[in-house]
Structures are given as C-alpha cells and as structure tokens.
Amino acid sequence: MKKISRVELKVGKEIQPTGFPLGRITTIEYCSLESFIDGRKKKRWPCWTVRTKAPRPLHKYLIVDWGKDGIILWKKSKLEFAPKGAKLWVGRSGLEEMENITGSGPESYVYSMLVYILDPKAKSPSRFFCIERLRNNRIFRYQGFRISE
C-alpha cells in the first residue's frame, strides 16, 4: 500500500492511498482514549475524514495518526465480529471521545471501542478490525490498514 505521510494530512487536500479511490480530506477530529487497562485518558490522536465520489461503502474512509503505532486507514467492514485468530489490542480499546473541531456536525461523540489485530503474529501488525458503539446504541465496524510506520 502506498505510504501516506503526516504532512499530506490537511483538510482540503486530495489523497489516494493504494487500492482506494481519490478523495478529499473534509474534516478533522481529535480523539481521546480512556484505555480499558487503567481507565485514564492517556492517548490522543487526530482523525481525518476522507470523502470520495465512489459509491458506498468507499464514499468515505477515515485516517488516524496513532503516533508510534503508525497511520491507519479505516474503511467500513462487512464483518460483524473479529475473525478467529484476531487478538484484542487492549491498549487501543476503551472509552473514546471524538471532538469535532471543524465546526460541522455534533461537537463530540463518546463511545466504546474495541480494536483487534488481525495479523497478531506479524513483526509489525498492519491489519486491524474495530467495533465502535455509540451511546445511542449505533454500532460501526471498520477494517484498518497501516499505511505508514
């Protein structure tokens, strides 16, 4: 997959990761995680929404910068549950708050998030699965791909 650099991630910029349609970054949110490990907010990262002209489900995807854990591209998943052999990534799972800083839509969301590593035996895992559940019981499922170290 084509590597994306942090410098490229700006609202209004067009990007096209390998295997994904050309899209424009439309919003940025900041996320804070209260990990299931100890319940403290200790992780914070930006999340960019990329909108495309492609039909669903690739009309939109998300890119997050998890610092030392890399840049991850998330797209909607057809999977309902993590597949057999996946490993829960406890350090990236917990209660998350997403703050919208672009001025469009709700100011923040609070939800629970479970992140699984789909290739746990890899030296540097690069495939992930995530389930998010909002307060209103809406559930979102995503497949993630590391697109930068």
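Shown above is the structure to which this text applies.
A brief structural summary. (Residues numbered from 1 in each chain as written. Predicted model: local features only at pLDDT ≥ 70, side-chain atom pairs only at ≥ 80, totals over all residues. Heavy atoms only, no water.)

## Remarks on the layout of surface pockets
Stated formally: A cavity, in this analysis, means grid points on a 1 Å lattice covering only the protein atoms where a 1.4 Å probe fits yet has no way out; a pocket is instead an open set bounded by protein on both sides within 12 Å along at least five of seven lines, and a residue lines either one if it has an atom within 4 Å of a point. Grid points are joined across faces, edges and corners, and a volume is the space filled by probe spheres set on the points. Ten residue types, Ala, Val, Leu, Ile, Met, Phe, Trp, Tyr, Cys and Pro, are classed as nonpolar, four, Asp, Glu, Lys and Arg, as charged, and the remainder, Gly among them, as polar.
Of the voids in this model, the largest pocket is the one considered here, and its volume is about 710 Å³. If you trace the largest pocket, you find 30 residues lining it, with Thr49, Lys60, Leu62, Met98 and Tyr109 closest to the centre. Class assignment for the residues of the lining of the largest pocket results in 16 nonpolar, seven polar and seven charged.

## Section: the packing of aromatic side chains
Convention followed: Ring pairs shown here join Phe, Tyr and Trp side chains whose ring centres sit within 6.5 Å, with only the six-membered ring taken for Trp; geometry is labelled stacked below 30 degrees between planes, edge-to-face above 60, and tilted in between. In DSSP terms, a helix is any run of H or I states spanning at least four residues, a strand is any run of E spanning at least two, and both are numbered starting from the N terminus. Think of it in three bands: residues with accessible area under 20% of the maximum for their type are buried, residues over 50% are exposed, and the middle band is partly exposed, with areas taken using a 1.4 Å probe on protein chains only.
Within the structure shown, the criterion is met by nine aromatic pairs. Each ring, one from Phe20 and one from Tyr61, has its centre 5.4 Å from the other, and the planes form 55°; the classification is tilted. Here Phe20, found in the loop between β1 (14–15) and β2 (23–35), pairs with Tyr61, found in strand β4 (residues 60–65); they are 41 residues apart in sequence, far enough to count as distant. You'll find Phe20 and Tyr61 in the same group, each marked buried. Considering the side-chain rings of Trp45 and Trp66, the 5.7 Å spacing of their centres and the 80° angle between planes classify their relative orientation as edge-to-face. Separated by 21 residues along the polypeptide, Trp45 in strand β3 (residues 41–52) and Trp66 in the loop between β4 and β5 (71–76) bring together distant segments of the chain. Looking at Trp45, the relative accessible area reads 2%, which means it is buried. One aromatic cluster is present, formed by Trp45, Trp66, Trp74, Trp89 and Phe128 through successive ring pairs.

## Focus: empty space enclosed by the protein
Applying the stated criterion to the full structure yields one cavity of 30 Å³ or more. The volume enclosed by the largest cavity comes to roughly 50 Å³. Lining the largest cavity, in full, are Pro57, His59, Lys60, Tyr61, Leu62, Trp74, Lys75, Lys76 and Tyr142. Only β4 and β5 provide two or more residues apiece to the lining of the largest cavity. For the lining of the largest cavity, the residue count by class is five nonpolar, one polar and three charged.

## Things to note about the pattern of salt bridges
A pair can form between side chains of opposite charge whenever their charged atoms are brought close. Note the threshold: Each salt bridge in this description consists of a side-chain nitrogen of Lys or Arg and a carboxyl oxygen of Asp or Glu lying within 4 Å of one another.
For the coordinates displayed, the defined rule picks out five salt bridges. The partner of Arg24 in a salt bridge is Glu14, and the shortest N-O contact between them spans 3.1 Å. Of this pair, Arg24 sits in strand β2 while Glu14 sits in strand β1, and the two are 10 residues apart along the sequence. Close ionic contact of Glu99 with Arg44 constitutes a salt bridge, the shortest N to O distance being 3.0 Å. With Glu99 in strand β7 (residues 94–100) and Arg44 in strand β3, this pair connects stretches of sequence that are 55 residues apart. Exposure remark for Glu99: the relative accessible area of 28% places this residue in the partly exposed category. One connected set of salt bridges, linked through shared partners, spans Lys68, Asp69 and Arg92.

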